[in-house]
Amino acid sequence: MKKFLFFLIFPFILAACAPFQDNTPESHSFFAMGTYMKITAYGKNSETVFLHAEKEIRRLDTLLSAENPDSEISRLSKEGKLIPSEDTARLISLAESWNRSTGGTFDISLAPISKLWGFPHGPYHVPAETERTEALDKTGMKYISHNEETGEYFLKKGCALDLGGMAKGTAAEKAADILKAAGIKNALLDLGGNIKVIGTKPGGRPWHIALRHPDDTDKTAGTLSVSDTSIVTSGDYERYFMAKGRRYHHIFDPHTGQPVQNGLRAVTVICKDSEKADILSTALFVMGEKKAALFWKEHRGEFQMILFRNDNTLMITPDLQKIFTSELPVVLIP
Ligand code: ADP
Ligand code: MG
């Protein structure tokens, strides 16, 4: 009987001694950077941490937004010169270096092109070739320069910058740092589809992240089981308009000034650093299947990727085999 009582009571003693672990998630949703964001975390009293993370994302947005006329990016675009904050300066330099290492495919100077087509809010318009070449003349990273000593940045008159291809990645990193500094060990940040996960789900189980199917919000393209990483997708289905039966979307080929059309519908990048994942998902989408595969080979080990082709087949990097399931045909990138 004594033995029986011991086994009955022992689990309760163990539970009382175990470090506190709360398995109930708390979430916080808000609208920022032109998209819905949701942070989910496990642990008590996450509310103040959530507000702190939201505040940081809003602070970044007021520096970086191309839509807010008072942001540093808008002021540099309008006035042609500015001494930016450390954050903005770092991001411009980062964009310059990624522009070089991605063969010019990642390009924050395409704002005159996006604007010509009517992005982000319309009215949309398919421009004539002359309009396109005129706008293309106002793009190019060579038009951005800065003075190391004074910290002043310069942009050629008529040019404009747009950090829409990287800002959410930066926001995810900064917000995750805030959560981690507050002791949160298990969290999921969904910043408009830019996913960052901290740790695992409580109990060590991986997070299951479903990837959206480009044609159908009710279907998935597959599911990733991950921990401590970022998953960022760029695709032709987030922002687009239709004209004469054709789809014109918001990611542009810097050489032509046209929405990218290269046989890919979407590119998902899986990589610890969300900022890098965001930049790469845009760049690899612009590169297309062949160049993206070559780029991955040159940077093997730094990131994994899923290419969604327009024939509804997927190409994935081999390491994803263990953590990715899909009902669609999947081919490994050799
Ligand atoms: P989303 O913003 O939907 O998450 P992306 O991260 O791919 O998708 O960013 C697309 C945005 O990046 C566009 O809306 C535009 O602001 C900007 N952009 C478009 N083409 C390029 C490009 N070639 N390089 C860098 N940024 C781009
Ligand atoms: Mg991006």
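An unreviewed UniProt entry lists the protein under the name FAD:protein FMN transferase, from Dialister invisus DSM 15470. Annotation of the protein in UniProt includes, under Subcellular location (unreviewed entry), the sentence "Cell inner membrane". The UniProt entry for the protein carries this comment under Sequence similarities (unreviewed entry): "Belongs to the ApbE family."

1. Topic: helix α7 (residues 167-181)
For α7, which comprises 15 residues, the first-to-last C-alpha distance of 21 Å matches the rise-based estimate of 21 Å (1.5 Å per residue) to within 8%. Burial analysis of α7 places eleven of its 15 residues in the buried class, the great majority of the element. Of the residues making up α7, those classed as buried are Ala167, Lys168, Gly169, Thr170, Ala171, Ala172, Glu173, Ala175, Ala176, Ile178 and Leu179. Downstream of α7 by a residue or two, Gly183 has a phi angle that is positive, lying close to 90 degrees.

2. Re the nonpolar core
In this structure, Ile57, Ile108, Leu161, Leu179, Leu284 and Phe303 are the most contacted members of the largest nonpolar core, which totals 68 residues. At eight residues, the largest contribution of residues to this core is made by helix α8 (residues 274-287). Ignoring sequence-local partners within four residues, the contact set of Ile108 consists of Ala95, Met141, Ile144, Ala160, Leu161, Asp162, Leu163 and Met166. Counting 21 residues, the second largest nonpolar core, distinct from the first, contains Val226, Ile231, Tyr237 and Ile270.

Scoring rules and cut-offs
Numbering of residues begins from 1 in every chain and follows the order in which that chain's sequence is written. All chains are assigned letters beginning with A, and all ligands numbers beginning with 1, in the order in which they are written. In view of the model being predicted, local features appear only for residues whose pLDDT reaches at least 70, and side-chain atom pairs are presented and counted only at 80 or more, with totals across whole chains, interfaces and linings using the full set of residues. Excluding hydrogens and water, the side-chain figures rest on all heavy atoms present in the structure. UniProt positions are given in the numbering used here, feature names are shortened, and annotations may be inferred rather than shown by experiment. Helix and strand definitions here come from DSSP, where helices need a minimum of 4 consecutive H or I residues and strands a minimum of 2 consecutive E residues; each element is numbered from the N-terminal end. Here a helix's expected span is defined as the number of its residues, less one, multiplied by 1.5 Å. Working definition: with a 1.4 Å probe on protein chains only, accessible area under 20% of the residue-type maximum means buried, over 50% means exposed, and in between means partly exposed. Among the buried residues, those of types Ala, Val, Leu, Ile, Met, Phe, Trp, Tyr and Cys that are joined through side-chain atoms within 4.5 Å form a nonpolar core. Any pair of residues with heavy atoms lying within 4.5 Å of one another is described as a contacting pair.

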